[in-house]
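Breakdown of the fold
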Amino acid sequence: MTLPRRYLLKTFGLTAIGTILLPIAQNNISPQTIIKPPRLQVGDTVALINPAAFSYEKEILDFFKVLDNLGLKVKLGKHFYDRYGYLAGKDADRAADVNSAFADNSVQAIFTGMGGWGCNRILPLLDYNIIRNNPKIIMGFSDITALLLAIYAKTNIVTFHGPLGVSSWSPFTVNYVKRVLFDGGAVTMQNSQSVQVQVIRRGTARGKLIGGNLSVIAAMVGSTYLPEWDKSILFVEEVGEEVYRIDRMLTQLKLAGILDKISGFIFGQCTKCEAEKPQESLTLDQVLTDRIRPLNIPAWYGSMTGHIRDKFTLPIGKEVEIDANAGTIKLLESAVN
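No experiment lies behind these values; they were computed from the predicted model shown.

This part covers helix α8 (residues 243-255). The first and last C-alpha atoms of α8 sit 18 Å apart over 13 residues, in line with the 18 Å expected at 1.5 Å per residue. Every buried residue of α8 is listed here: Val243, Ile246, Met249, Leu250 and Leu253. Down the axis of α8, the smallest arc covering the buried residues is 125°, so these residues share one side. Turned more than 90 degrees off the buried face of α8, the exposed positions are Arg248 and Leu255.

Right, dumping it as structure tokens:
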């Protein structure tokens, strides 16, 4: 299948990496300073990469139309359509596409095509100096959680938990992408009226927003690729996991000391998480009550985050204020420059 030329620029690779690094003075920035990437503008070029599972060409075609409607050009990673089992090519090649996208000064932002599995495998192969010296928007969710958290942990660059290329890109989703990545507003994320939230413990809290897919986070515990959790707001989402597995993963975060450090907790949507034998299972509500309520922090369930049609764009690493009573996430400032 051939992609329309007006949607597609040439692919990029590592051949010229030594000549395309951006000449910005990030080396003098304190390691503790949070780095906001430049905002998106009409006419910008975004790199589209597959750092985890592969995607079929037909799955991504609609996304090129979305980018065109947003006024963006797209540049495919050199290995975007590679296949290696369930992965989008070999680990070294997928990592090379990440490094190249950050090093390429013709690229202003990086979007990811597919989640699945594979990002954890490439974390040791990423050049975090190149990434830190060339801060750019990078966005995705599901398995991309590993990439977002590792980049934030290693470079202090704000990353974005938002739609993939294969996502629906509904008007709700596009609206939050525009408001957060283009407009740079201090946005308040609030569910649509049709999606109710369930309060676990009432109250408000402030902290750095950190999170993503629960099983991916649990799989990273004990590695050097997770950020500091002190006084953070943890958000998680999940898909296709039975309730006892949700229980197991939250318990792992508890035993690792993570849940005892956070200031607030948000569970997004748990899609297709029904127990195979409901009569022999706890409910998700019971698990959240057991695991989260004793933390005595503001918490709720049902935020529009996860494997759903309409989703927020959430900046990982930025200060937010949450209101568990209303189920809102308020950015305290722009997440982009």
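Read on for the rest.
Ordered in space as β7-β15-β14-β9-β10-β11-β12-β8, the 8 strands form an open sheet in which the pairing is mixed. Both outer strands of the open sheet, β7 (188-190) and β8 (198-201), are each paired with one neighbouring strand and no more. Neighbour to neighbour, the strand axes of the sheet diverge by 30° on average, direction disregarded. Taken together, the 3 bridges between β7 and strand β15 (residues 328-331) define a ladder with antiparallel strand orientation. Across the sheet, residue Met189 finds its bridge partner in β15, namely Ile329.

Now for the pattern of salt bridges. Under the counting rule described, the total for this entry stands at 10 salt bridges. Among the ionic pairs, Lys318 bridges to Glu333, the shortest N-O distance being 2.3 Å. In this pair, Lys318 sits in the loop between β13 (314-316) and β14 (319-323) while Glu333 sits in the segment after β15, placing the two residues 15 residues apart along the sequence. Since its relative accessible area comes to 38%, Glu333 is described here as partly exposed. Residues joined by salt bridges that share partners form a network here, namely Lys36, Lys318 and Glu333.

Let's shift gears to the nonpolar core. Nonpolar side chains tend to gather and get buried jointly when the protein is soluble and globular. Phe111, Leu181 and Phe265 are the most contacted members of the largest nonpolar core, which totals 108 residues. The contact partners of Leu181, leaving out residues within four places of it in the chain, are Arg39, Leu40, Phe111, Ile137, Met139, Phe160, Tyr176, Thr313 and Val336.

The next point concerns the side chain of Lys75. If you trace the backbone, Lys75 turns up in strand β3 (residues 73-77). A distance of 2.8 Å separates polar atoms of two side chains, one belonging to Lys75 and the other to Ser106.

One can find Trp300 in strand β12 (residues 299-301). The spacing of Trp300 and Val66 is 234 residues in sequence and 32 Å in space, taken between C-alpha atoms.

The set of residues buried in helix α9 (residues 284-291) consists of Leu284, Val287 and Leu288. An end-on view of α9 places all buried positions within 95° of arc, on one side of the element. Contacts from the buried residues of α9 go to β8, α8, β11 (264-271) and β12.

A word on the packing of aromatic side chains. Scanning all chains against the criterion turns up 11 aromatic pairs. A centroid spacing of 5.0 Å and a plane angle of 75° characterise the contact between Tyr176 and Phe312, whose relative ring orientation is edge-to-face. Of this pair, Tyr176 sits in helix α6 (residues 171-182) while Phe312 sits in the loop between β12 and β13, placing them 136 residues apart in sequence. A single burial state applies to Tyr176 and to Phe312, both of which are buried. In this structure, Arg83 is placed above the aromatic ring of Phe54, and the distance from its NZ or CZ to the ring centre is 3.5 Å. A cation over an aromatic ring shows up here: Lys154 above the ring of Tyr225, its NZ or CZ 5.0 Å from the ring centre.

Thresholds, definitions, all that
- Residues numbered from 1 in each chain as written.
- Predicted model: local features only at pLDDT ≥ 70, side-chain atom pairs only at ≥ 80, totals over all residues.
- Heavy atoms only, no water.
- Helix = DSSP H or I, 4+ residues; strand = E, 2+ residues; numbered from the N terminus.
- Expected span 1.5 Å × (residues − 1).
- Buried < 20%, exposed > 50% of the residue type's maximum accessible area, 1.4 Å probe, protein only.
- Arc of directions from axis to C-beta.
- Pairing = 2+ DSSP bridges.
- Axes fitted to C-alpha atoms, helices over the stretch in contact; angles between N-to-C directions.
- Salt bridge = Lys/Arg side-chain N within 4 Å of Asp/Glu carboxyl O.
- Core = buried A, V, L, I, M, F, W, Y, C linked by side-chain atoms within 4.5 Å.
- Contact = heavy atoms within 4.5 Å.
- Polar contact = N/O pair within 3.5 Å; in protein donor to acceptor, adjacent residues only side chain to side chain.
- Phe/Tyr/Trp six-rings, centres within 6.5 Å; stacked < 30°, edge-to-face > 60°.
- Lys NZ or Arg CZ within 6 Å of the ring centre and 35° of its normal.

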